Amino acid sequence: MDSVYQHVLAWREALHAEKLDLSVWRIHRRIGMSGGLFLKALERELGATLTEGQAERLRQSHVRGLLKRLDQIHPLPGAKELLGALSSMRVPWAIATSGSEVTARPTLEMLGIPAGTPVITRDQVAYAKPNPDLFLAAAQRLGAPPSDCFVVGDSIWDLLAAQRAGALGVAVLSGGYGREELEQAGAYRVYEDPADLLAHLDELGIRAG
């Protein structure tokens with residue numbers, strides 16, 4: 001989903017409501033990691049400790065800010081086609097996101113995901129990215145060892161989590177990270193977007209099951 005900058009704006013709005021100032025670029029660099037780690041990084045950036053009340057207000061404000069921007073969020077080019085092609089080839093796939101159920105479901109519905117598709121959200125695991133829990137849970141739901149799985153992500157946090165899970169990381173550029181950054185974080189291949197990935201599935205050795 002093309003939602004990175006909606007997340008950035010939602011976090012910025014939440015921070016302003018608490019009279020906390022953090023540059024937009026610093027917020028962007030944390031998108032894709034768990035909200036808990038985001039707040040820990042925020043404390044370091046601000047040189048201050050958030051109270052439990054502040055942390056909870058920030059989380060809830062971020063959720064509200066993202067939900068009110070749903071009309072700005074759309075599938076990335078080729079996303080629906082990629083998932084449809086994998087299904088047609090009988091290649092099993094799952095969705096694993098650091099988002100909570102309440103923020104993930106509305107956006108994933110835009111992809112037209114078939115009923116029964118494994119969807120792992122932040123609520124279902126102990127830790128989100130860059131910990132490997134989400135991807136380990138997704139592999140388990142697919143009935144495959146992580147070493148037989150690809151993880152497709154658009155942030156360095158996705159790729160670090162993929163490495164820790166023992167899966168092969170594949171990156172797309174939609175997260176705003178550069179190709180070199182993604183490769184240094186463990187990406188085996190980097191593609192422009194899901195459409196570009198779909199056109200190069202052969203490079204990953206993916207074939208009809």
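These notes cover the structure that comes with them. (Residues numbered from 1 in each chain as written. Predicted model: local features only at pLDDT ≥ 70, side-chain atom pairs only at ≥ 80, totals over all residues. Heavy atoms only, no water.)

Re helix α3 (residues 35-46)
Definition in use: For helices the rule is a DSSP run of H or I covering at least 4 residues; for strands it is a run of E covering at least 2, with both sets numbered from the N terminus onward. Residue count minus one, scaled by 1.5 Å, sets the expected span of a helix. Accessible area is worked out with a 1.4 Å probe on protein chains only. A residue is then buried under 20% of its type maximum, exposed over 50%, and partly exposed in between. We call two residues in contact when some of their heavy atoms are within 4.5 Å.
Taking 1.5 Å as the rise per residue, α3 with twelve residues should run 16 Å; its terminal C-alpha atoms sit 16 Å apart, in good agreement. Every buried residue of α3 is listed here: F38, L39, A41, L42 and E43. Residues of α3 that are buried in the fold lie against α1 (4-17), α2 (24-28) and α4 (52-67). Immediately beyond the C-terminal end of α3, within one or two residues, lies G47, with a positive phi of roughly 65°.

Concerning the environment of V8
Structurally, V8 can be placed in helix α1. With near-sequence residues (within four places) excluded, V8 lies in contact with V24, I27, H28 and I31.

Observations regarding the nonpolar core
Selection criterion: By nonpolar core we mean a set of buried residues, namely Ala, Val, Leu, Ile, Met, Phe, Trp, Tyr and Cys, connected to one another through side-chain atoms within 4.5 Å.
W11, L15, I27, L39, L42, L58 and L182 are the most contacted members of the largest nonpolar core, which has 25 residues in total. The element that contributes the greatest number of residues to this core is α1, accounting for five residues. Counting residues in hydrophobic clusters, the runner-up holds 18 residues, among them A79, L86, V91 and I206.

Some points on the sheet that holds strand β5 (residues 187-191)
The following threshold applies: In short, DSSP must find at least two bridges between two strands for them to pair. Only the stretch in contact is used when fitting a helix axis, every axis being a line fitted to C-alpha atoms; angles between N-to-C directions are given from 0 to 180 degrees.
Taken in spatial order, the three strands of this open sheet run β3-β4-β5, and their pairing is parallel. Two strands lie at the open edges of the sheet, namely β3 (150-153) and β5, each paired on one side alone. Neighbour to neighbour, the strand axes of the sheet diverge by 20° on average, direction disregarded. Relative to β5, strand β4 (residues 168-172) runs parallel, the two sharing four bridges. Along β5, the bridge assignment pairs V172 with Y191. Sheet contacts for helix α8 (residues 156-165): β3, β4 and β5; angle to β4, the most-contacted strand, approximately 170°.

Brief notes about unusual backbone geometry
Each neighbour pair has its own omega, and for K129 with P130 the value is 15°, a cis peptide bond. Looking at the element boundaries, P130 is found in the loop between β2 (119-120) and α7 (133-142). Even without glycine at this site, R90 takes up a positive phi of about 60°. Checked against the element boundaries, R90 lands in the loop between α5 (79-88) and β1 (95-96).

Quick look at a nonpolar patch on the surface
Using the following cut-off: Within this analysis, patches are made of residues with over 30% relative accessible area and no salt bridge. Like charges are joined at 9 Å or less; nonpolar side chains (Val, Leu, Ile, Met, Phe, Trp, Tyr) at 5 Å or less. Accessibility throughout is a Shrake-Rupley quantity obtained with a 1.4 Å probe, and a residue counts as covered only by protein chains that appear here. The rule for a salt bridge is simple: a side-chain nitrogen of Lys or Arg has to be within 4 Å of a carboxyl oxygen of Asp or Glu.
A cluster of nonpolar residues, F150, L168 and Y188, forms a patch on the protein surface that exposes about 250 Å² of accessible area. Taking the relative accessible area as the measure of exposure, L168 reaches 34% and is therefore partly exposed.

Digging into the packing of α1 against α4
Under the convention used in this document: Should an angle fall under 35 degrees it is taken as roughly parallel, and over 145 as roughly antiparallel, whereas 65 to 115 is taken as roughly perpendicular and any remaining angle as oblique. Handedness of each helix crossing follows the sense of rotation of the near helix against the far helix: counterclockwise by less than a right angle gives left-handed, clockwise gives right-handed. Amino acid classes used here: Ala, Val, Leu, Ile, Met, Phe, Trp, Tyr, Cys and Pro are nonpolar; Asp, Glu, Lys and Arg are charged; the rest, including Gly, are polar.
Axis separation between α1 and α4 bottoms out at 8 Å; the angle between their running directions is 135°. As summarised for this structure, α1 and α4 are arranged oblique, according to the angle between their axes. Considering only the axes of α1 and α4, their crossing is right-handed. Here Q6, H7, A10, W11, E13, A14 and L15 of α1 lie close against α4, whose contacting residues are L58, S61, H62, G65 and L66. Considering only residue class, the contact of α1 with α4 consists of six nonpolar, five polar and one charged.

What to know about the pairing of β4
Put simply, the test is: Whether a crossover is right-handed depends on one test, that the path from the first strand over the helix to the second runs clockwise when the strands point away from the viewer.
Of all five residues that make up β4, four are buried, and the element is covered over most of its length. The pairing of β3 with β4 spans four bridges and is parallel. Following the sheet pairing, V152 is matched in β4 by V170. Tracing the backbone out of β3, into α8 and back to the parallel element β4 gives a crossover that is right-handed. For the segment spanning β4, helix α9 (residues 179-184) and β5, crossover handedness is right-handed.

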